[in-house]
There are 2 protein chains.
Amino acid sequence: MEYKPDEQIMKEAIKMAYLARGEGDYAIGALTVRDGEIFTLGENKVKIDNDPTAHAEIVAIRKATQITSSRHLEGVVLYSTHEPCPMCTSAAIWAKMDGIISGTYIEDMADYRKSHPSSQWLWRTIDVHPKYLIDNTEENLFLIRGFMRDECLKLFHSTQ
Amino acid sequence: MEYKPDEQIMKEAIKMAYLARGEGDYAIGALTVRDGEIFTLGENKVKIDNDPTAHAEIVAIRKATQITSSRHLEGVVLYSTHEPCPMCTSAAIWAKMDGIISGTYIEDMADYRKSHPSSQWLWRTIDVHPKYLIDNTEENLFLIRGFMRDECLKLFHSTQ
């Protein structure tokens, strides 16, 4: 069955991104969805918490596993305003999540970084796609990338 | 300058692996080193904490960034008894660590999994090497793999 991503749900992820931005961090938001409903929210907290692992996706995934008291999240889907980095994709793989829906492409982050060299917001990237990682596992997460990309692209300008 | 890995330090990582095993988790240990001295210790807590992100390396890195109140760990080196997965390698990249020294190869984990199909310890792998990730960034962490591999290989049998 093909998964149909939900615009209202991605809008909530975008709200989390603006929340992170308001708190002084990168405008990146994520959330987990279970049974079609938002399960946990995650905002990027890398700068706020001085924690390089506190990407929005990791925040949302850790909350979900703490609530369920299980390190596995079968049936749970990850939304992110930005295509997940290898750290976050790997966390979703380890957690046996069903799939990942994301907004901007990793290339968008790299392009923004290159076109704004004097920005204090570096938008560093690890240029390895979620598909490459999943293809090198025995897991089979679905991937939908570029969902509501235009709306998510606006988040770069919110951190200028 | 070539980095010289330290056997005594790796022995402490191996101790952390046995500690994790004693607590009911995978026998994987890691630690961070600053100025030649052990800075933070990490044992694998994935099962203990129901947290798919609580790999030994992430535990050690997060402790280090909390102590320094900085998400960057320039001058800090990561030791792990097992070659880090893409999640942990990415965390080290995001943290701008100097390098990674590891014991067993990712291939050793995959081989163990395949040769012990009935084990309750799955040793799942994401078959993407640290070098591939680092080569796809602007960072330049050094990598030493297979350091004290024979001693670290014994850890698989501790979790039979």
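Now for a description of the structure that goes with this document.

**Section: the overall build of chain A**
Assigned secondary structure in chain A consists of six helices and five strands. Reading chain A from its N terminus to its C terminus gives the helix and strand order α-β-β-α-β-α-β-α-α-β-α. Taken over C-alpha atoms, the radius of gyration comes to 14 Å for chain A, in line with the 15 Å a tight globule of 160 residues would show. Taken along the three principal axes of its C-alpha coordinates, chain A extends 40 × 30 × 30 Å. Taking all 160 residues of chain A together, 50% fall into the buried category. Sequence-distant contacts, at least 24 apart, represent 56% of the contacts inside chain A between residues at least 6 apart.

**Description of the sheet that holds strand S4 (residues 99–104) of chain B**
All names here are of chain B. The sheet built from five strands is open, its strands ordered S2-S1-S3-S4-S5 with mixed pairing. Bordering the open sheet on either side are strand S2 (37–43) and strand S5 (142–144), each of which pairs with just one other strand. Ignoring strand direction, the axes of neighbouring strands in this sheet form an average angle of 20 degrees. Where strand S1 (residues 29–34) lies against strand S3 (residues 76–82), five bridges are found, and the strand directions are antiparallel. Bridge pairing in S3 links Leu31 to Tyr79. Contacts between helix H1 (residues 7–22) and the sheet are confined to S1, S2, S3 and S4, with S1 contributing the most and set at about 145 degrees to the helix.

**Examining the relation of the copies chain B and chain A**
In the superposition of chain B on chain A (RMSD 0.0 Å, axial shift 0.0 Å), the rotation amounts to 180 degrees. Between the two chains, the operation in question is that of a two-fold axis. Considering only C-alpha atoms, the residue of chain B closest to the rotation axis is Met87 of chain B, which sits at 1.9 Å.

**Some details on helix H6 (residues 149–158) of chain A**
Residue and element names in this part refer to chain A. Within H6 the residues assigned to the buried category are Cys152, Leu155 and Phe156. Taken end-on, H6 shows its buried residues confined to a sector of 105 degrees, consistent with a single buried face. Opposite the buried face of H6, by more than 90 degrees, sit the exposed residues Asp150 and His157. On its buried face, H6 is in contact with helix H1 (7–22), strand S3 (76–82), strand S4 (99–104) and helix H4 (106–115).

**A few points about unusual backbone geometry**
The backbone of Lys96 of chain A sits at a positive phi, close to 55 degrees, despite the residue not being glycine. Mapped onto the elements of the fold, Lys96 of chain A is located in the loop between helix H3 (86–94) and S4. Although it is not a glycine, Asp35 of chain B sits at a positive phi angle of roughly 55 degrees. The residue Asp35 of chain B is located in the loop between S1 and S2 in this model.

**Details of the interface of chain B and chain A**
Frequently, the measure chosen for interface size is the accessible area removed from exposure when the parts meet. Listed as interface residues are 30 residues of chain B and, on the opposing side, 30 residues of chain A. Sorting the residues of the side of chain B that touches chain A by element identifies helix H2 (56–68) and helix H3 (86–94) of chain B as the ones contributing at least two each. Tallying contributions element by element places H3 of chain B first for the side of chain B that touches chain A, with six residues. Classifying every residue of the side of chain B that touches chain A by side-chain character gives 14 nonpolar, nine polar and seven charged.

**Looking at H1 of chain B**
All names here are of chain B. Compared with an ideal rise of 1.5 Å per residue, which puts 16 residues at 22 Å, H1 spans 23 Å between its outermost C-alpha atoms and is within 8% of the ideal. Turning to H1, its buried residues are Met10, Ala13, Ile14, Met16, Ala17 and Ala20. An end-on view of H1 places all buried positions within 155 degrees of arc, on one side of the element. H1 presents Gln8, Lys11 and Gly22 as exposed residues on the side facing more than 90 degrees away from its buried surface. Where H1 is buried, its residues meet S1, S2, H2, S3, S4 and helix H6 (149–158). Remark: Gly24 follows H1 within two positions and exhibits a positive phi of approximately 100 degrees.

**Quick notes on the pairing of S3 of chain A**
Residues and elements named next belong to chain A. In terms of burial, S3 is a largely internal element, seven of the seven residues being buried. Both S3 and S4 contribute to a ladder of five bridges, which runs parallel. Following the sheet pairing, Leu78 is matched in S4 by Ile100. Chirality of the crossover, the property in question, places the unit of S3, H3 and S4 among those that are right-handed.

Reading the values: the criteria
- All residue numbers here refer to positions counted from 1 along the written sequence of the relevant chain.
- Labels follow written order: the first chain is A, the first ligand is 1, and so on.
- For a predicted model such as this one, the threshold for reporting local features is a pLDDT of at least 70, and the threshold for listing and counting side-chain atom pairs is 80 or more; totals across whole chains, interfaces and linings nevertheless cover every residue.
- Helix and strand definitions here come from DSSP, where helices need a minimum of 4 consecutive H or I residues and strands a minimum of 2 consecutive E residues; each element is numbered from the N-terminal end.
- In this description the radius of gyration comes from C-alpha coordinates, and the expected globular size is given by 2.2 Å times residues to the power 0.38.
- Labels follow a simple rule on C-beta atoms placed from the backbone: if 20 or more others lie within 10 Å of a residue's own, it is buried; if 12 or fewer, it is exposed; otherwise it is partly exposed.
- Two residues qualify as being in contact provided that their C-beta atoms, derived from the backbone, are within 7 Å of each other.
- A pair of strands counts as paired when DSSP detects no fewer than two bridges linking them.
- All axes here are fitted lines through C-alpha atoms, helices being fitted over the stretch that makes contact, and every angle between N-to-C directions spans 0 to 180 degrees.
- A least-squares superposition brings the copies together, and it is based on the C-alpha atoms of residues with pLDDT no lower than 70 in both.
- Directions are taken from the helix axis to each C-beta atom, and the arc is the one they span.
- Each residue receives one of three labels: charged for Asp, Glu, Lys and Arg, nonpolar for Ala, Val, Leu, Ile, Met, Phe, Trp, Tyr, Cys and Pro, and polar for the others, Gly being one of them.
- Here the expected span of a helix is defined as 1.5 Å times the quantity of residues minus one.
- Every crossover in which the path from the first strand over the helix to the second runs clockwise, viewed with the strands pointing away from the viewer, is termed right-handed.

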